[in-house]
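Given next are the chains, with one letter for each unit.
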Amino acid sequence: MIKLTIDKKQVEVPQGTTILEAAKGIGVDIPTLCYMHLGDMGIEHKPGGCRICVVEVEGRRNLAPSCNSKCEQGMVIHTHNMRVLNARKTVMELMLSDHPFDCLVCAKSGNCDLQSTAQQLGVRELHYKGEQSTYKVDYSPSIIRDMDKCIMCRRCETMCNDVQTVGALSAVNRGFQSVVAPAFEMDLEKSTCTYCGQCVAVCPTGALTEKDHTNQLIRDLADPKKTVVVQTAPAVRAALGEEFGMEPGTLVTGKMVSALRQLGFNSVFDTDFAADLTIMEEGTELLDRLKRHLDGDKDVKLPILTSCCPGWVNFFEHHFPEMKDIPSTARSPQQMFGPIAKNYLAKEMGIKREDMIVVSIMPCLAKKYECQRDEFKVDGDPDVNYSISTRELANLIKQANMDLKTLPDEEFDNPLGESTGAGVIFGATGGVIEAAARTAYEVYTGKTLENVNFEALRGMEGIRSATVDFNGLDVNIGIAHGLGNARKLLEDIRDGKSQYHAIEIMACPGGCIGGGGQPLHHGDSSILKKRAAALYREDEGKAIRKSHENPYIIKLYEEFLGKPCGELSHKLLHTHYFD
Ligand code: HC1
Ligand code: SF4
């Protein structure tokens with residue numbers, strides 16, 4: 001153990017501890033900007049570049065960045081003396097000298113680490129006037145890059161390269177010209193970006209933000225000619241409350257429905273209904289492939305991979321195009337909801353397709369891009385018009401002078417608002433494959449599944465595996481969340497080493513509960529665990545917990561679709577992938 005003194009307090013820490021960690025251990029929070037600790041992922045990003053976290057070490061000439069300076073025996077450290085505070089202020093003023101002054105209209109205002117740290121340091125005047133960067137703003141379907149606001153913390157680069165292994169972002173150029181960008185400073189849309197949004201989730205400033213669709217929504221809600229319906233993703237209900245000061249893991253399903261109705265949506269539906277529908281289609285495909293495999297069909301593609309996460313779909317299209325016939329062809333629940341709303345519901349409501357606007361509330365930024373894919377349009381009209389993130393919804397609710405906390409609980413509309421517990425758990429890593437197992441088991445064995453909780457499929461480890469007994473048939477299941485973990489399972493498949501029959505992949509760490517459009521969780525995995533627990537609680541509380549028992553799903557097949565993976569399902573609910 002190493003003994004040292006921090007702010008006149010005796011501290012004992014293990015070898016290798018940084019000054020930042022040692023200070024935290026005694027309740028001293030040194031301000032940081034570039035530093036990022038990603039909880040259970042074991043990733044610590046500490047470039048020591050921003051120098052906001054400097055401290056004085058007695059006997060040393062220079063101040064030391066505490067995030068990447070290790071504690072040494074007998075050190076005497078001052079975290080907030082005059083010299084340290086002046087240095088931090090100067091560093092901050094220099095950063096601000098090359099930062100736009102549009103805080104009042106910046107998408108990140110109020111949620112910006114640069115702004116709050118400048119406040120914390122008491123910066124009231126700027127003594128340095130320097131050259132200002134003037135980069136072209138890069139607008140992609142999901143993400144906006146405004147590099148004039150980049151402070152070169154390089155957190156986004158770590159997320160993109162180390163966690164997601166996508167490699168779309170890296171530092172280019174030197175000195176004043178240096179910036180984090182795709183190769184050759186091309187637009188994000190032309191790069192290998194998957195739109196997972198994990199870079200946005202860790203950006204401390206307004207340099208990376210989501211494309212905002214709230215104004216378009218306000219316009220549509222005000223148009224009397226339009227019928228505007230909304231679907232809400234599973235993970236939103238487990239995190240929206242955080243934007244209103246509620247504890248992580250507080251379920252706000254009923255309050256969210258109430259808020260959406262008050263915002264003026266004609267009907268409030270649930271993506272969870274479409275998740276049940278996805279299980280009918282994807283589960284049928286899984287059983288079909290399994291049966292062909294058992295019959296000795298050498299051409300059958302196993303393992304089958306889930307296909308509901310658009311960031312993941314973008315990833316395999318860019319990075320593993322030769323494997324694009326392995327994932328399920330089932331569309332994501334978001335994209336199943338759209339055609340059912342515009343082909344089935346619109347008829348029931350007696351309105352024309354072109355007069356219906358379908359909006360989705362998603363924890364995800366890739367969903368914004370997914371809506372716009374050409375294969376999900378009919379004569380240019382998207383099945384889902386656009387997607388709003390959890391954060392955008394929170395802002396809209398605040399704009400409408402509502403406090404989510406005080407709203408009454410209300411129920412979803414029907415027929416597309418009824419869901420089972422299986423649909424709810426889609427939002428947590430492992431949930432999609434657990435939902436599929438509940439239905440596939442009963443369809444395959446013809447027996448009732450007494451315990452629907454497949455505990456072995458749950459958890460937060462990046463790669464998990466479990467074997468589910470289908471009455472004598474061992475079905476090997478793999479789960480990966482985070483694209484870096486997905487890459488490992490894909491490489492095994494490519495090398496012929498995979499033993500799995502089915503794999504669930506979600507692009508974001510934690511699954512959709514950790515999506516790039518959720519309230520920022522700053523890599524705190526305890527928040528993700530609480531959100532996941534909330535979804536499993538909602539599942540436990542549901543009267544029906546298997547997708548194939550959803551009465552409205554049964555009715556939809558009887559009245560409209562025919563059978564799972566039938567002709568109409570293939571036309572409306574399945575897709576194909578591109579190189
Ligand atoms: Fe998801 Fe899905 S679970 S992808 O994570 O399959 O975004 O929540 O809506 O479509 O249902 C996201 C969440 C979501 C879809 C479903
Ligand atoms: Fe990388 Fe995801 Fe950001 Fe794209 S959205 S740049 S893939 S982290």
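Structure: above.
Residues numbered from 1 in each chain as written. Chains lettered and ligands numbered in written order. Predicted model: local features only at pLDDT ≥ 70, side-chain atom pairs only at ≥ 80, totals over all residues. Heavy atoms only, no water.

A. Representation of the site of ligand 1 in the model. Contacts to ligand 1 come from 17 residues, most closely from A233, A235, Q334, K367 and C512. In the model, an oxygen atom of ligand 1 is placed 3.4 Å from a nitrogen or oxygen of the P234 main chain. Backbone polar atom of P333 to an oxygen atom of ligand 1: 3.4 Å apart, as the coordinates give it. Looking at the shell around ligand 1, the elements that each hand over two or more residues are α8 (271-294) and α10 (333-349). Tallied by class, residues from the shell around ligand 1 come to 12 nonpolar, 4 polar and 1 charged. (Near = heavy atom within 4 Å. Polar contact = N/O pair within 3.5 Å; in protein donor to acceptor, adjacent residues only side chain to side chain. Helix = DSSP H or I, 4+ residues; strand = E, 2+ residues; numbered from the N terminus. Nonpolar A, V, L, I, M, F, W, Y, C, P; charged D, E, K, R; others polar.)

B. Molecular detail of the sheet that holds strand β16 (residues 356-362). Taken together, the 4 strands give an open sheet; going across it, the order is β14-β13-β16-β19, and neighbouring strands pair in parallel fashion. Looking along the sheet, the strands with just one partner apiece sit at the ends: β14 (267-270) and β19 (386-389). Adjacent strand axes in the sheet meet at a mean angle of 30°, parallel and antiparallel pairs treated alike. Its contacts with the sheet put helix α12 (residues 390-399) on β16 and β19, and the angle it makes with β19 is roughly 75°. (Pairing = 2+ DSSP bridges. Axes fitted to C-alpha atoms, helices over the stretch in contact; angles between N-to-C directions. Contact = heavy atoms within 4.5 Å.)

C. Spotlight on the site of ligand 2. The environment of ligand 2 is made up of I143, C160, V166, L169, C193, T194, Y195, C196, G197 and C199. A per-class count over the shell around ligand 2 returns 8 nonpolar, 2 polar and no charged.

D. The arrangement of helix α6 (residues 214-221) in detail. Among the residues of α6, T214, L217 and D220 are the ones counted as buried. One side of α6 holds all its buried residues, which, seen down the axis, span an arc of 120°. Exposed and facing more than 90 degrees away from the buried side of α6 are N215 and R219. (Buried < 20%, exposed > 50% of the residue type's maximum accessible area, 1.4 Å probe, protein only. Arc of directions from axis to C-beta.)

E. Spatial organisation of unusual backbone geometry. In this structure, P303 follows L302 across a cis peptide bond, with omega equal to 0°. Along the chain, the position of P303 falls in the loop between α8 and β15 (304-305). Of note, the bond from N414 into P415 is cis; its omega dihedral lies within 30 degrees of zero at 15°. By secondary structure assignment, the location of P415 is in the loop between α12 and α13 (421-424). Even without being glycine, T165 reaches a positive phi, approximately 50°.

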